[in-house]
Amino acid sequence: MNLAVVVYTNETNLPILKLFLNYFFKNNPNFTLPIYVVANKFTKSDLPHQDKVTYLPGNVEFQHNGGHFSETLRNVLPQINEDYIFYFCEDYVSRDPIDIDALARLLDMIKDENIDMFTFGSTYAINHGYPVFNTDYEKYGFDKGIFYTMDLNYQHAYTVQPCIW
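Here the structure is a predicted model, which is why all the values come from computation and not from measurement. (Residues numbered from 1 in each chain as written. Predicted model: local features only at pLDDT ≥ 70, side-chain atom pairs only at ≥ 80, totals over all residues. Heavy atoms only, no water.)

Quick look at the state of the cysteines now. Summed over the entire model, instances satisfying the criterion amount to zero disulfides. With no disulfide of its own, C89 lies closest to C163 among cysteine sulfurs, the gap being 8.3 Å. The exposure class assigned to C89 is buried, which follows from its relative accessible area of 10%. Owing to a relative accessible area of 0%, C163 belongs among the buried residues under this scheme. (Disulfide = S-S within 2.5 Å. Buried < 20%, exposed > 50% of the residue type's maximum accessible area, 1.4 Å probe, protein only.)

Our next topic: the pairing of strand β2 (residues 35-39). Most of β2 is tucked away: five of the five residues are buried. Residues I35, V37 and A39 point to one face of β2 and Y36 and V38 to the other, with burial holding for every one of them. Pairing analysis gives four bridges linking strand β1 (residues 3-8) to β2, with the strands arranged parallel. Bridge pairing in β2 places V5 opposite I35. Note that the unit made of β1, helix α1 (residues 14-27) and β2 has a crossover that is right-handed. (Helix = DSSP H or I, 4+ residues; strand = E, 2+ residues; numbered from the N terminus. Pairing = 2+ DSSP bridges. Right-handed = clockwise from strand over helix to strand, strands pointing away.)

So, about the pattern of salt bridges. Evaluated as defined, the whole model comprises three salt bridges. Its salt-bridge partner being K41, residue E61 comes within 3.3 Å of it at the nearest N-O pair. Remark: K41 occurs in the loop between β2 and β3 (54-57) and E61 occurs in the loop between β3 and α2 (68-76); sequence separation between them is 20 residues. Using a relative accessible area of 25% as the deciding quantity, one classes K41 as partly exposed. (Salt bridge = Lys/Arg side-chain N within 4 Å of Asp/Glu carboxyl O.)

Now for α1. With 14 residues, α1 should reach 20 Å at 1.5 Å per residue; the first-to-last C-alpha distance of 20 Å fits that figure. Buried within α1 are the following residues: L14, L17, F20, L21, F24, F25 and N27. The buried residues of α1 occupy an angular sector of 160° when the element is viewed end-on, so they sit on one face. For α1, exposure combined with an orientation more than 90 degrees from the buried face picks out P15 and K26. (Expected span 1.5 Å × (residues − 1). Arc of directions from axis to C-beta.)

Below you can see the structure in the form of structure tokens.
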């Protein structure tokens, strides 16, 4: 499935990362997609789940205003070989298993429809009057009319809620 999970954290949030990974693997014990954890840098060597996760440091100094975020991603994304990433921040702790079949169908739709970014974050599409995404929902096994085309001028169009890039 040419998709990798990317979990973003920073050197100060390693305890939250551990919580994220513990819940992720509890809910997805047989997960087979590659998982990368990226951070500005890692200040400890006893990182959690090293047997299941590839850690990629961005080699960027931490900035209290979050300025290290984009530089970290620019430094690590070229090291990821998959064409698509399923992006998470470490504080989005999952409570349920990932439906791999639905994820594969969604990725097929993303490829077929040339979608650059699919977000699982709420944008209140109906309230903003965004159009329903025009696709053959039946082909991908989704209920008709559940996806929307987001206005790229929307203030939160590029949110980092769990999403696929």
